[in-house]
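A closer look at the structure
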Amino acid sequence: MNSYLPQTASVSEDFQKRACSYEAQSRWITSDSINIIPYHYLSRRPTMGETLDAGGGTGYLSSFLLKKIPASSLTIVDASENMLAIAKSRIPGANLINTSIESFCLENDLKFDTILARQIFHYVNDIEVVLNLLREKLSSNGLFYVGQFVVCDNDSDKWHKNLIQKISKNRKRSFTFDGFQKAFESNGFRIIECCTEDYEENIKDFYTRRTNEELEYNNFYKSVKNSLNENITEKMHIKVMDNNIFFTVQFCHLLLERR
């Protein structure tokens, strides 16, 4: 077995269970303010050409873009069969591949004019491996759109990582804004455009996405509340109210090309 290939069962099982409620629980997926940015980035060209949506899940972003920008073809790769079933109903003509991104990249010689990758990099085993594999899939003049939640600095990153890993051990990392950009610049990409927007989350919503069924909300709430300090409260714009904790992260949009 190739050492690049990940053990995807736990991530797949996670999203198999969450598929039907995924878009309702993760409100950012259907947010117009978030989805309009990749449209603005990619509409600089008349077509997206051969398009890959890596970890494309239910196909919401692909569907949103295809209503505005044509594509020669669309391939959606995702580890969850149930997520892809929703994508199939949404985009009947899409080529749906039920496997990991790593496996897909290693098993064919296809090239793509546009690659989409949104909210996947906290799940992959080795981000450098995945970035290099996706870089090889991008055509010489292709465009790579990436969307990912980030935080402002290392202290916020530690707090945020601790929070998301309480919800699911499948979430392997959090990112700072600077660190996320550097990951791409260090692995053969050039940033064409970049922007962020604030997005308010709360731990009650996070709790609905848990994979740890033994996690009890009151204990979770107390643990998160006890982890707060003045620095985190200021930087994450923390608000504690109604047995809930609200905090602000940033959604980072990158448009990249091969360097």
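Calculation criteria
- Residues numbered from 1 in each chain as written.
- Predicted model: local features only at pLDDT ≥ 70, side-chain atom pairs only at ≥ 80, totals over all residues.
- Heavy atoms only, no water.
- Helix = DSSP H or I, 4+ residues; strand = E, 2+ residues; numbered from the N terminus.
- Buried < 20%, exposed > 50% of the residue type's maximum accessible area, 1.4 Å probe, protein only.
- Contact = heavy atoms within 4.5 Å.
- Areas by Shrake-Rupley, 256 points an atom, 1.4 Å probe, with all protein chains shown as cover.
- Lys, Arg positive; Asp, Glu negative; His and termini not counted.
- Charge placed at Lys NZ, Arg CZ, Asp CG, Glu CD.
- Core = buried A, V, L, I, M, F, W, Y, C linked by side-chain atoms within 4.5 Å.
- Salt bridge = Lys/Arg side-chain N within 4 Å of Asp/Glu carboxyl O.
- Phe/Tyr/Trp six-rings, centres within 6.5 Å; stacked < 30°, edge-to-face > 60°.
- Lys NZ or Arg CZ within 6 Å of the ring centre and 35° of its normal.

1. So, the overall build of the protein chain
Check the secondary structure of the protein chain and you find twelve helices and eight strands. A burial count over the protein chain gives 54% of its 259 residues as buried. Counting contacts in the protein chain only where the partners sit at least 6 residues apart, residues at least 24 apart contribute 73% of the total. Of the roughly 11800 Å² of accessible surface on the protein chain, a fraction of 46% belongs to carbon and sulfur atoms. Looking at charge distribution, the protein chain has the averaged site of its 31 positive side-chain charges lying 1 Å from that of its 33 negative ones.

2. Topic: the nonpolar core
If you look at the biggest cluster of nonpolar residues, it comprises 45 residues, and the most contacted ones within it are Leu 42, Trp 159, Ile 203, Phe 220 and Phe 247. Only α1 (9-18), α3 (32-42), α4 (60-66), β5 (138-150), α8 (154-167), α10 (203-208), α11 (217-226) and β8 (244-258) provide two or more residues apiece to this core. At five residues, the largest contribution of residues to this core is made by β8. Apart from the residues within four sequence positions on either side, Phe 247 is in contact with Trp 159, His 160, Leu 163, Tyr 199, Glu 200, Glu 201, Asn 202, Ile 203, Phe 206, Met 236, His 237 and Ile 238. Residues Val 124, Leu 134, Val 150 and Phe 184 belong to the second largest nonpolar core, which totals 31 residues.

3. Describing the pattern of salt bridges
When charged atoms on two side chains of opposite charge get close, those side chains can pair. For the structure shown, the criterion picks out eight salt bridges. As a salt-bridge pair, Glu 136 and Arg 135 come within 3.3 Å of each other at their nearest N and O atoms. A relative accessible area of 42% means that Glu 136 is categorised as partly exposed.

4. Things to note about the packing of aromatic side chains
Enumeration over the complete set of coordinates arrives at 21 aromatic pairs. Among the aromatic residues, those joined into a cluster by ring pairs are Phe 121, Phe 144, Phe 175, Phe 180, Phe 184 and Phe 189. The lysine or arginine in question, Arg 171, covers the ring of Phe 206, its NZ or CZ lying 5.8 Å from the ring centre. The ring of Phe 246 has Lys 239 lying over it, and the distance from NZ or CZ to the ring centre is 5.9 Å.

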